[in-house]
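Below are the chains, spelled out letter by letter.
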Amino acid sequence: MDAEEMGKVFARVMMFLILFPLGIYVHALTISKLWEWYVVVQFGVATLPLVVAWGLSIFVKFISMDISDFEILYTDSKKSETGIVKYDYLNKMGLGLFFSLFTLFLGWVGTFFL
C-alpha cells in the first residue's frame, strides 16, 4: 500500500471515528425527544434520560449493523472475468470484529454517566 492509499484509509477511519459517536448522540437525542413527546404523554411513563437513549441507540445500531455498512472503509474489491465483484471477506470480518469491540467500548463509556 503506498502513501496515497494509506492517507485515504486514514481519512476514512478518522471520518468514521468522528461520525460514528456523533451519529449515536443524534440518535440518542432523537430517541429521547420522541419518547418524551409521544410515549410519556400517551402512557404516562418516565422520561428517557439521554444516556439511556444513548445506550439504546448503541444497542439498536449494533443489532441492525450489516457487513455492507463497512463498504465506506474497505472498498478494495477485485473483479473476476465474469465482471462480478469479489470482496475480501476476511478483511470485512476483521472490520466487523473491530466495530463490535468499538461499539462495546462506547457502551462501556456510557455506563460512567448512568
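Small disclaimer: the values here were computed from a predicted structure and weren't measured.

Cut-off values and rules
- Residues numbered from 1 in each chain as written.
- Predicted model: local features only at pLDDT ≥ 70, side-chain atom pairs only at ≥ 80, totals over all residues.
- Heavy atoms only, no water.
- Salt bridge = Lys/Arg side-chain N within 4 Å of Asp/Glu carboxyl O.
- Helix = DSSP H or I, 4+ residues; strand = E, 2+ residues; numbered from the N terminus.
- Buried < 20%, exposed > 50% of the residue type's maximum accessible area, 1.4 Å probe, protein only.
- Phe/Tyr/Trp six-rings, centres within 6.5 Å; stacked < 30°, edge-to-face > 60°.
- Expected span 1.5 Å × (residues − 1).
- Arc of directions from axis to C-beta.

(A) Inspection of the pattern of salt bridges at higher detail. Across all of its chains, the model carries two salt bridges by this definition. A salt bridge links Lys8 to Glu4; the nearest nitrogen and oxygen atoms lie 3.7 Å apart. With Lys8 and Glu4 both in helix H1 (residues 3–43), this residue pair falls four residues apart, about one helical turn. For Lys8, a relative accessible area of 46% translates into the label partly exposed. Lys33 serves as the salt-bridge partner of Glu36, at 3.6 Å between the closest nitrogen and oxygen. Linking Glu36 with Lys33, this pair stays in helix H1, spanning three residues, or about one helical turn.

(B) Structural detail: the packing of aromatic side chains. Evaluated as defined, the whole model comprises four aromatic pairs. Note on Phe105 and Trp108: the rings are 6.0 Å apart at their centroids and 40 degrees apart in plane angle, and the pair reads as tilted. Of this pair, Phe105 and Trp108 are both found in helix H3 (residues 89–111), three residues apart, which corresponds to roughly one turn of the helix. An angle of 80 degrees between the planes, with centres 4.9 Å apart, marks the rings of Trp108 and Phe112 as edge-to-face. Judged by relative accessible area, Phe112 falls into the exposed class, the value being 56%. Feature note: the residues Phe105, Trp108 and Phe112 constitute an aromatic cluster, connected by ring pairs.

(C) Examining helix H2 (residues 50–63) more closely. Compared with the 20 Å implied by 1.5 Å per residue over 14 residues, the 20 Å span of H2 between its first and last C-alpha is a close match. All of the buried residues in H2 are Val51, Ala53, Trp54, Ser57 and Ile58. Angularly, the buried residues of H2 cover 155 degrees about the axis, an arc narrow enough to put them on a single face.

(D) Structural context of H1. In a regular helix each residue adds 1.5 Å, so 41 residues correspond to 60 Å; H1 covers 57 Å between its end C-alpha atoms and thus fits that length. For H1, the complete set of buried residues consists of Phe16, Phe20, Ile24, Ala28, Ser32 and Val40. In the stretch just after H1, Gly44 is the one whose phi turns positive, near 65 degrees.

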